[in-house]
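Residue strings, one per chain:
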Amino acid sequence: MEQDIKKVLASEEEIAQAVKRLGAQISEDYKDKNLLLVSVLKGSVVFMADLMRAITIPCQIDFMSVSSYGSGVKTSGVVKILLDLNNPVAGYDVVIVEDILDSGLTLSYIISNIQSRSPASIKICTLFDKPSCRQVPIEADYVGMKVPDEFVVGYGLDYNEKYRNLPYVGVLKPEIYEKP
Ligand code: PRP
């Protein structure tokens, strides 16, 4: 995998620091609340596993899986629920855990979907934010770090379902996704 990476954008240490900061902030903000972390699979699985262990207050977890990208690089805007939450969210203070906020299409769909189930509150925590790519006006309440408009993989992020297991985040060499 290493040879397909043009440059490292966020090292393991930088990611760990960002996760620790977000965990501490969420622990403080939700200490008197009913925290439910909702991980949007599959990309956020690595971040979720680390973030929940950086949170020092009681919390519950649940998972949702939606599709929006297919196997290509650009978003299609098509969102379909592949896996729904196991439990009702009514009364819970939901924090949606995402690996990356790009066009915002996925999260705007998920927010309105979860909002319709009457949670006590709903906020967004994304490890990476690509603000230059937004197609809908949506911002995260908790952001690990901003990244430029480049094709990033690793720490849960994939290209064609590969590279998710890289422990850092890197920019993919264009020749990998430009192959005919
Ligand atoms: C990625 C990522 C976010 C979404 C962000 O998921 O995990 O869910 O795209 O992009 P957007 O802001 O443009 O909607 P993807 O659909 O690639 O699925 P995956 O998590 O299974 O990799």
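Up top is the structure these notes are about.
We now turn to the structure provided with this report.

### Comments concerning helix 1 (residues 12-29)
Alright, step 1. For helix 1, with 18 residues, the first-to-last C-alpha span of 26 Å sits near the 26 Å given by 1.5 Å per residue.
Alright, step 2. By the burial criterion, the buried members of helix 1 are Ile15, Ala18, Val19, Leu22, Gly23, Ile26 and Ser27. One face of helix 1 carries all of its buried residues, which in axial projection span an arc of 165 degrees. Away from its buried face by more than 90 degrees, helix 1 exposes Glu13, Gln17 and Lys20.

### Details of the packing of aromatic side chains
Alright, step 1. Taken as a whole and assessed by the stated rule, the structure comprises three aromatic pairs.
Alright, step 2. A centroid spacing of 5.5 Å and a plane angle of 90 degrees characterise the contact between Phe151 and Tyr159, whose relative ring orientation is edge-to-face.
Alright, step 3. When the ring of Phe151 is compared with that of Tyr177, the centres are 5.1 Å apart and the planes differ by 45 degrees; the resulting orientation is tilted. Placement of Phe151 in the loop between strand 7 (142-146) and strand 8 (152-153) and of Tyr177 in helix 4 (residues 174-177) is noted, with a sequence separation of 26 residues between them.
Alright, step 4. When its relative accessible area of 13% is taken as the criterion, Phe151 is described as buried.
Alright, step 5. Take Tyr177: its relative accessible area is 26%, and that puts it in the partly exposed class.

### Some words on the pairing of strand 2 (residues 35-41)
Alright, step 1. Among the seven residues of strand 2, six are classified as buried, and the element is accordingly described as predominantly covered.
Alright, step 2. Pairing of strand 2 with strand 5 (residues 93-101) involves five bridges; the strand directions are parallel. Across the sheet, the residue bridging to Ser39 is Val97, located in strand 5.
Alright, step 3. Sheet topology places strand 2 next to strand 3 (residues 60-67); six bridges connect them, and they run parallel.

Thresholds applied
Residues numbered from 1 in each chain as written. Predicted model: local features only at pLDDT ≥ 70, side-chain atom pairs only at ≥ 80, totals over all residues. Heavy atoms only, no water. Helix = DSSP H or I, 4+ residues; strand = E, 2+ residues; numbered from the N terminus. Expected span 1.5 Å × (residues − 1). Buried < 20%, exposed > 50% of the residue type's maximum accessible area, 1.4 Å probe, protein only. Arc of directions from axis to C-beta. Phe/Tyr/Trp six-rings, centres within 6.5 Å; stacked < 30°, edge-to-face > 60°. Pairing = 2+ DSSP bridges.

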